Amino acid sequence: MPINFNSVEFESAFGLTKQIPTSDLPEIIFCGRSNVGKSSLLNKITNRKSLARVSSSPGKTITINFYRAGDARLVDLPGYGYAKIPKFEIERFAKLMEGYFSQDRNMPLALQLIDIRRPPTKDDMMMMNLLLDRGINFIAVLTKADKLNKTQRAARLAEFEHELPAEGITMIPFSSLTNEGVNEVKAAIADIVASPKDGKF
Ligand code: GTP
Ligand code: MG
């Protein structure tokens, strides 16, 4: 059975690396700063209103959440870069990420979400460099595309070409309000699960 976006179910949530069970299934990872729209995207591609909790207050997702999608897992990471969470939480988060990414897991693709209106933040760059270092294939999903007009969008897309940390990274403008990019994101995930690439893109 390939990936199935229509029967996705929440499986488990982990706040500590040592709780995460070893994995056999491919994991599609959703990364991005707090409030960028990770949980909204997850709900969109699975056609569910509230599979993942969406909130206008940042820092909503504070655990690594696993969702089962047929023969793959979708992994909603806690958002980084939110200044107002307590220091011990930032430390726990850093350890959680480090632990997760250093485990021997099957990670064929990450979706790096970035707000289309702004350049990648320092934390976004750290996240993408971590993915590059680990050889994890990723695409840039440019969220909240509904907030820009055509001219602004074209300008930002041109800027992203040299703001992203490597050449040739696939960019998908996305909006959970207009559904722009939903099919492209699903196709990118389905392709990778059907025929995973080795190493870097
Ligand atoms: P954390 O769980 O805190 O890491 O946040 P998140 O990345 O999961 O973001 P979430 O999906 O909860 O969305 C944050 C806010 O942005 C909510 O108010 C959403 O309604 C809004 N939002 C998400 N996607 C879009 C979009 O495509 N367009 C617009 N205009 N707003 C969006
Ligand atoms: Mg979230």
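What you see is a predicted model, and the numbers here were worked out from it, not measured in a lab.

Basis of the calculations
Residues numbered from 1 in each chain as written. Chains lettered and ligands numbered in written order. Predicted model: local features only at pLDDT ≥ 70, side-chain atom pairs only at ≥ 80, totals over all residues. Heavy atoms only, no water. Helix = DSSP H or I, 4+ residues; strand = E, 2+ residues; numbered from the N terminus. Rg over C-alpha atoms; globule rule 2.2 N^0.38 Å. Buried < 20%, exposed > 50% of the residue type's maximum accessible area, 1.4 Å probe, protein only. Contact = heavy atoms within 4.5 Å. Areas by Shrake-Rupley, 256 points an atom, 1.4 Å probe, with all protein chains shown as cover. Phe/Tyr/Trp six-rings, centres within 6.5 Å; stacked < 30°, edge-to-face > 60°. Lys NZ or Arg CZ within 6 Å of the ring centre and 35° of its normal. Core = buried A, V, L, I, M, F, W, Y, C linked by side-chain atoms within 4.5 Å.

Asker: Sorry if this is basic, but what is going on with the overall build of the chain here?
Answerer: In terms of regular secondary structure, the chain is built from 5 helices and 7 strands. In the chain, the order of α-helices and β-strands from amino to carboxyl end is β-β-α-β-β-α-β-α-β-α-β-α. The C-alpha atoms of the chain give a radius of gyration of 16 Å, which matches the 17 Å a tight globule of 201 residues would have. Each principal axis of the C-alpha distribution contributes one length, and for the chain these read about 45 × 45 × 35 Å. Counting across all 201 residues of the chain, residues that qualify as buried make up 49%. Considering only intrachain contacts with a sequence separation of at least 6, the fraction spanning at least 24 residues in the chain is 76%. Looking at the chain as shown, the accessible area adds up to about 10,200 Å², and 51% of this sits on carbon and sulfur atoms.

Asker: When you look at unusual backbone geometry in this model, what are you seeing that I'm missing?
Answerer: Residues other than glycine predominantly adopt negative phi, and peptide bonds predominantly adopt the trans conformation. In this model, Asn35 sits at a positive phi of 80 degrees, which is unusual for a non-glycine residue. By the secondary structure assignment, Asn35 is in the loop between β2 (27-32) and α1 (38-45). According to the relative accessible area criterion, Asn35 is partly exposed, its value standing at 31%. Even without being glycine, Asn179 reaches a positive phi, approximately 70 degrees. Along the chain, the position of Asn179 falls in the loop between β7 (171-173) and α5 (182-194).

Asker: What exactly am I supposed to notice about α1 here?
Answerer: Three or four residues apart is the spacing at which side chains of an α-helix point the same way, because the helix has 3.6 residues per turn. Within α1, 6 of the 8 residues are buried, which leaves it mostly tucked inside the rest of the structure. The secondary structure elements touched by the buried residues of α1 are β2, β3 (64-69), β4 (72-76), β5 (109-115), β6 (138-143) and α5. Two residues or fewer past α1, Asn47 is found with a positive phi of approximately 60 degrees.

Asker: Is there a simple way to think about the packing of aromatic side chains in this case?
Answerer: Ring pairs (aromatic) are described by centroid distance and by the angle formed between their planes. Under the criterion given, the structure shown has 4 aromatic pairs. Judged by centre distance (5.5 Å) and plane angle (65 degrees), the ring pair of Phe10 and Tyr67 falls under edge-to-face. Residue Phe10 is found in strand β1 (residues 9-14), and its partner Tyr67 is found in strand β3; the two are separated by 57 residues along the sequence. Taking relative accessible area as the criterion, Phe10 reaches 43% and is therefore assigned partly exposed. By relative accessible area, which is 2% here, Tyr67 ends up buried. Ring geometry for Phe14 versus Phe66: centroids 5.5 Å apart, planes at 75 degrees, classification edge-to-face. Placement of Phe14 in strand β1 and of Phe66 in strand β3 is noted, with a sequence separation of 52 residues between them. Through successive ring pairs, a cluster of aromatic residues spans Phe14, Phe66, Tyr100 and Phe101. It is Arg156 that lies over the ring of Phe160; its NZ or CZ is 4.4 Å from the centre.

Asker: What am I meant to see in the nonpolar core here?
Answerer: The nonpolar side chains of a soluble globular protein tend to be buried, and buried together. The biggest cluster of nonpolar side chains holds 31 residues, and the ones touching the most others in it are Ile29, Ile64, Leu77, Tyr100, Phe101 and Leu131. Going through the elements one at a time, β2, β3, α2 (87-102), β5, α3 (122-134) and β6 are the ones with two or more residues in this core. In terms of residues, this core owes the most to one element, α2, which gives 5 residues. Each residue touching Ile29, except ones within four places of it in the same chain, is listed here: Val75, Leu77, Tyr100, Phe101, Met107, Leu109, Ala110 and Leu111. The next biggest cluster of nonpolar side chains, apart from the first, holds 28 residues, and it includes Ala52, Leu113, Val141 and Phe174.

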